[in-house]
Amino acid sequence: MKVSQIFFQTLKEVPKEAVIESHRLLYRAGMIQKLASGIYNYLPLALRSIRKLENIIREELNKRGCQEVLMPTVQPSELWMESGRWNYYGPELLRIKDRKGGDFCLGPTHEEVITDMVRKNLRSYKQLPYNLYQFQGKFRDEIRPRFGLMRGREFIMKDGYSFDINEEKAKESYWKMYEAYNAIFSRCGLKFKPVDAATGAIGGDMSHEFQVLADAGEDLILSCNKCGYAANLEKARTKVISGIDGQEMKSLNEVHTPSMKAVEDVAKFMNRPVTDFIKSMIFLVDNEPVLVMVPGDREVNEAKIQAYFKADSVALASDAVIEEVTGAATGFAGPVGLKKKIKTALDNNLTGRINLVAGANRTDHHLENINENRDFTADVKGDFVIVKAGERCPDCDGTLEECRGIEVGQVFYLGTKYSQKMNCSFVDEAGKSTVAVMGCYGIGVGRTVQAAIEQNHDEQGIIWPMALAPYEAVVLPLQMNKDTVVKASFDMYGSLLEAGIEAVIDDRDERAGFKFNDADLIGYPVQIAFGQKSLDNGVAEVKIRKTGEKAEIKLEEVVNFVRNFKEKELNRG
Ligand code: ATP
Ligand code: MG
C-alpha cells in the first residue's frame, strides 16, 4: 500500500475526551474517529490490527476444536425473560421495540442466544462437547464510556461458550480455554497476568481475568511476591488473622456515644483499638437487607458479598431502610438487638474474637463486650473484606503487591446457571435427561488492541508488537524529487511484499523529518529509509522502532534482515 492512499490523517491536536495515551495515539495516528459517545469508526489502520488479533484468536481456538458461528446483535426479550436477566440487567442493556411493539435488546453478551441455539440442536450426550464462538459487535450502554475502544458502548468482542456432559468435562473445557487465552495474549507480545476474578452479572462460580499490565488500567490486581497467586481486588484473599483472644468474656454494656458514627471516633472516645470493633453495615442484596460485619479497621468488599449470595445486585441500604431494620439512625447498627430479623453475615476475621464493640441499634449508643454465640449468631460466615497490598498471601508466606491492569479477557465456569433455566438438555448415557454444563469466554478485541498501545508506546508514538502491527515495515524515500531514490524505494517495497512482509511505502511528497515522525507515530516495527547518500553507498538505513537501533544494511540484505527480525518477533513468547 502507498501511504498516500491510506485512508487516514495523522493529527497534532486530539479531542479533549482522550485522557490516556493509547486513546490519544489512536487519534493521533488516524486510526479511529468518534461517531457518538463510546461509539467509533475503525479506520483501515485500526481494522488491520483488529483483524490480526482476530486471526490469532481464531487460530488458537480452532486448533482446540472450537467452531466459529455468528449470532445476531438484536435479541428478543423472551430469551432474557427465560434466563431472568431481563429484569435485573439494568440500564446497561439497551432495550428497543420493533414496529409491532415487541421487546428486543442489543446484545451485551450472548449466553441466552447461544443456549437457545444449542438446545434446538442438542439431543444426545454423543454430540457433546460443543465449543462455539463468534466475533461480534456488542452493545453495553456504559454509564461512563471512556478511554476510547477500552470502554466503549459498541465494541467488538470474541465471545465463546462451551457445553459439556458434566462438571468434570466442563472444567476441562474451562482450563483448555484458560490455556488458549495464555497462548493468544503471549502471541500478541503482551505482558499480562491471569488473575482470579469475581463473576458479576454473568454468574457462575469460577472465573479468571486476563489483565494486561499498565498503569492506566482500571483494575487493581494483587499478586504474591513469592508464589503464583494473583487476583483482582474484587476477589483477592489474605490469610485470616485467627482471633482467639484468650480473654474472659465480660458482660454487655451500653455506652452513650452521642453523634459518634465513625468507628474511629467511637474508638477514640472509648479508648479502644479500632480492631476491637465490628463494623456493621446494612446492604440490600437482591433487595433484601443483610447485616454485614467486618473488623473495624477493614472495608466491606461488595463483590464478595455478591459472589457469596450469588446475588444479581448489591447496594448499600438507604437511611430509611437502616432505621426500619435497626430502629436507630445510620451509624449505630450492630448484631445485638436488631429491631427486625434480617440475615447476618460475619467476616472470618471476627470469628472467635472476644469482647467486641458495635452499634447498639439505638441512636447515639454503642454496645461493648459483644461475644459471638453468647450475644448473637451469624447466619453465614465468610470472607467479606477488601484486601490491601502489604498483606500476607493466602497461599504462602509471601506478601501481596498491587499493580494495575486492563482486563482484556475473562473466562467463566458457568455450571448450569443458564442451561437449567432455559432447559438446554440432552439424553445421557443412562438414558436420563440431563442439562448441559456450560462455560463462557470473552475477549475484548478493540480493548486488547488499545491495551497493546497503552503498554507499548513512547513520546513519539506507538511501538506495535509485530503480531498486531497494522503494517510490519515502512519504506521511506527521503527525497521524492530524486528518481533514483524513488525507484530504489519502490524496488525495495516490491521485494518486501514478494517476501511476504506487510510493507507500505511513504510516497507522499513530504520532507524526511515529516515522514520519520509519522513512521514513529504509526509505529511500524521496521523503518527502511532511502536517501541519495545511502544509495550511493549501496545501503539503506534501517531502524527498529522498538529499540531505536539504526543500522546501514546492504541493499541486497535488507529483505532477509526484515524477514529474520519479523520471525524472531513473532516467535517470541
Ligand atoms: P468491565 O469489568 O471492564 O466492564 P466486563 O467484566 O463487564 O468488563 P465481560 O462481560 O467479561 O466484561 O466481557 C468480556 C470482555 O469484553 C472483557 O474482558 C473486555 O475485554 C471486553 N469489554 C467489556 N466491556 C467493554 C467495553 N465497554 N468496551 C470495550 N471492551 C469491553
Ligand atoms: Mg469481565
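Our subject in this report is the structure included herewith. (Residues numbered from 1 in each chain as written. Chains lettered and ligands numbered in written order. Predicted model: local features only at pLDDT ≥ 70, side-chain atom pairs only at ≥ 80, totals over all residues. Heavy atoms only, no water.)

1. Considering the site of ligand 1
Phase 1 of the analysis: Lining the immediate surroundings of ligand 1 are 16 residues, of which Arg140, Glu142, Arg151, Gly152 and Glu407 lie closest.
Phase 2 of the analysis: A distance of 2.9 Å is found between an oxygen atom of ligand 1 and a side-chain nitrogen or oxygen belonging to Arg140.
Phase 3 of the analysis: The side chain of Arg447 places a nitrogen or oxygen atom 3.0 Å from an oxygen atom of ligand 1.
Phase 4 of the analysis: A total of 580 Å² of accessible area belongs to ligand 1 in isolation, and the protein chains cover 86% of it.
Phase 5 of the analysis: Listing elements by their share of the shell around ligand 1, those giving two or more residues are β8 (154–164) and β21 (400–415). (Near = heavy atom within 4 Å. Polar contact = N/O pair within 3.5 Å; in protein donor to acceptor, adjacent residues only side chain to side chain. Areas by Shrake-Rupley, 256 points an atom, 1.4 Å probe, with all protein chains shown as cover. Helix = DSSP H or I, 4+ residues; strand = E, 2+ residues; numbered from the N terminus.)

2. As for unusual backbone geometry
Phase 1 of the analysis: Between Leu128 and the following residue, Pro129, the backbone shows a cis peptide bond with an omega angle of 5 degrees.
Phase 2 of the analysis: As for its placement among the helices and strands, Pro129 is situated in the loop between α5 (111–119) and β7 (130–139).
Phase 3 of the analysis: Positive phi outside glycine occurs at Asp286, with the angle close to 45 degrees.
Phase 4 of the analysis: Take Asp286: it is sitting in the loop between β14 (278–285) and β15 (288–295).
Phase 5 of the analysis: Even without a glycine there, the phi angle at Asn373 is positive, about 75 degrees.
Phase 6 of the analysis: Along the chain, the position of Asn373 falls in the loop between β19 (365–370) and β20 (380–382).
Phase 7 of the analysis: On the basis of relative accessibility, which here comes to 58%, the residue Asn373 falls in the exposed class. (Buried < 20%, exposed > 50% of the residue type's maximum accessible area, 1.4 Å probe, protein only.)

3. Structural notes on the sheet that holds strand β17 (residues 343–347)
Phase 1 of the analysis: Pairing within the open sheet is mixed, and its five strands lie in the order β16-β14-β15-β17-β20. With partners counted over all chains shown, the strands left at the sheet margins are β16 (314–316) and β20, one partner each. Between one strand axis and the next, the sheet turns by 30 degrees as a mean value, whatever way the strands run.
Phase 2 of the analysis: With three bridges connecting them, β17 and β20 associate as parallel partners. Paired with Leu346 across the two strands is Lys381, which belongs to β20.
Phase 3 of the analysis: Here helix α9 (residues 319–326) sits on the sheet in contact with β14 and β15, set at roughly 115 degrees to β14. (Pairing = 2+ DSSP bridges. Axes fitted to C-alpha atoms, helices over the stretch in contact; angles between N-to-C directions. Contact = heavy atoms within 4.5 Å.)

4. Things to note about the pairing of strand β24 (residues 437–444)
Side-chain direction in a regular strand flips from residue to residue, so the side chains alternate between the two faces of the sheet.
Phase 1 of the analysis: Of all eight residues that make up β24, eight are buried, and the element is covered over most of its length.
Phase 2 of the analysis: Side chains of β24 alternate between two faces, with Val437, Gly439, Tyr441 and Ile443 and Met438, Cys440, Gly442 and Gly444 buried alike.
Phase 3 of the analysis: Sheet topology places β8 next to β24; eight bridges connect them, and they run antiparallel. Residue Asp159 lies in a different strand from β24, and its bridge partner there is Gly442.
Phase 4 of the analysis: Looking at chain direction, β21 and β24 are connected through six bridges and run antiparallel. Pairing of Gln410 across the sheet is with Gly442, part of β24.

5. Considerations on the packing of helix α2 (residues 44–62) against helix α6 (residues 167–187)
Phase 1 of the analysis: At their nearest, the axes of α2 and α6 sit 10 Å apart, and the two run at 145 degrees to each other. The handedness of the crossing between α2 and α6 is right-handed. Within the contact between the two elements, α2 uses Ile56, Ile57, Glu59, Glu60 and Leu61 and α6 uses Met177, Ala180, Ala183, Ile184 and Arg187.
Phase 2 of the analysis: For the contact of α2 with α6, the class distribution of residues is seven nonpolar, no polar and three charged. (Left-handed = near helix turned anticlockwise from the far one by under 90°. Nonpolar A, V, L, I, M, F, W, Y, C, P; charged D, E, K, R; others polar.)

6. Observations concerning the packing of aromatic side chains
Phase 1 of the analysis: Under the definition given, this model contains 13 aromatic pairs.
Phase 2 of the analysis: Seen in terms of ring centroids, Tyr133 and Phe135 are 6.0 Å apart; in terms of plane orientation they differ by 90 degrees. Their pairing is edge-to-face. The pair formed by Tyr133 and Phe135 is uniform in burial state, with each residue classed as buried.
Phase 3 of the analysis: Through pairs of rings, three or more aromatic residues link up here, namely Tyr174, Trp175, Tyr178, Tyr181, Phe185, Phe192 and Phe210.
Phase 4 of the analysis: The ring of Tyr471 has Arg48 lying over it, and the distance from NZ or CZ to the ring centre is 3.9 Å.
Phase 5 of the analysis: In this structure, Lys171 packs its charged tip against the face of Tyr413, placed 4.8 Å from the ring centre. (Phe/Tyr/Trp six-rings, centres within 6.5 Å; stacked < 30°, edge-to-face > 60°. Lys NZ or Arg CZ within 6 Å of the ring centre and 35° of its normal.)

7. Quick notes on the sheet that holds β19
Picture the strands of a sheet paired through backbone hydrogen bonds; they go either parallel or antiparallel.
Phase 1 of the analysis: Pairing is antiparallel in the open sheet, where three strands are placed in the order β13-β19-β18. Two strands lie at the open edges of the sheet, namely β13 (253–256) and β18 (356–359), each paired on one side alone. Sheet twist, expressed as the average angle between the axes of neighbouring strands with direction ignored, equals 30 degrees.
Phase 2 of the analysis: In this structure, β13 lies alongside β19, joined through four bridges in antiparallel fashion. Along β19, the bridge assignment pairs Glu254 with Leu367.
Phase 3 of the analysis: Where helix α7 (residues 263–270) meets the sheet, it contacts β13, β18 and β19, and its direction lies at approximately 105 degrees from that of β13.

8. A closer look at the pattern of salt bridges
Phase 1 of the analysis: Taken as a whole and judged by the stated rule, the model has 45 salt bridges.
Phase 2 of the analysis: Note that Arg119 and Glu82 form a salt bridge whose closest N and O atoms lie 2.8 Å from each other. Of this pair, Arg119 sits in helix α5 while Glu82 sits in helix α3 (residues 77–83), and the two are 37 residues apart along the sequence.
Phase 3 of the analysis: Ionic pairing is found between Arg508 and Asp518, a salt bridge with its closest N-O pair at 2.8 Å. In this pair, Arg508 is assigned in the loop between β28 (503–505) and α13 (512–522) and Asp518 in helix α13, connecting sequence segments 10 residues apart. (Salt bridge = Lys/Arg side-chain N within 4 Å of Asp/Glu carboxyl O.)

9. A closer look at the nonpolar core
Phase 1 of the analysis: Residues Phe185 and Trp464 are the most contacted members of the largest nonpolar core, which totals 69 residues.
Phase 2 of the analysis: Tallying contributions element by element places α6 first for this core, with eight residues.
Phase 3 of the analysis: When residues of this core are assigned to domains, at least three map to each of domain 1 (48–217 + 406–454) and domain 3 (471–572).
Phase 4 of the analysis: Core analysis: the second largest hydrophobic core is formed by 26 residues, Tyr89, Val113, Val118 and Ala436 among them. (Core = buried A, V, L, I, M, F, W, Y, C linked by side-chain atoms within 4.5 Å. Domains from an automatic or database assignment.)

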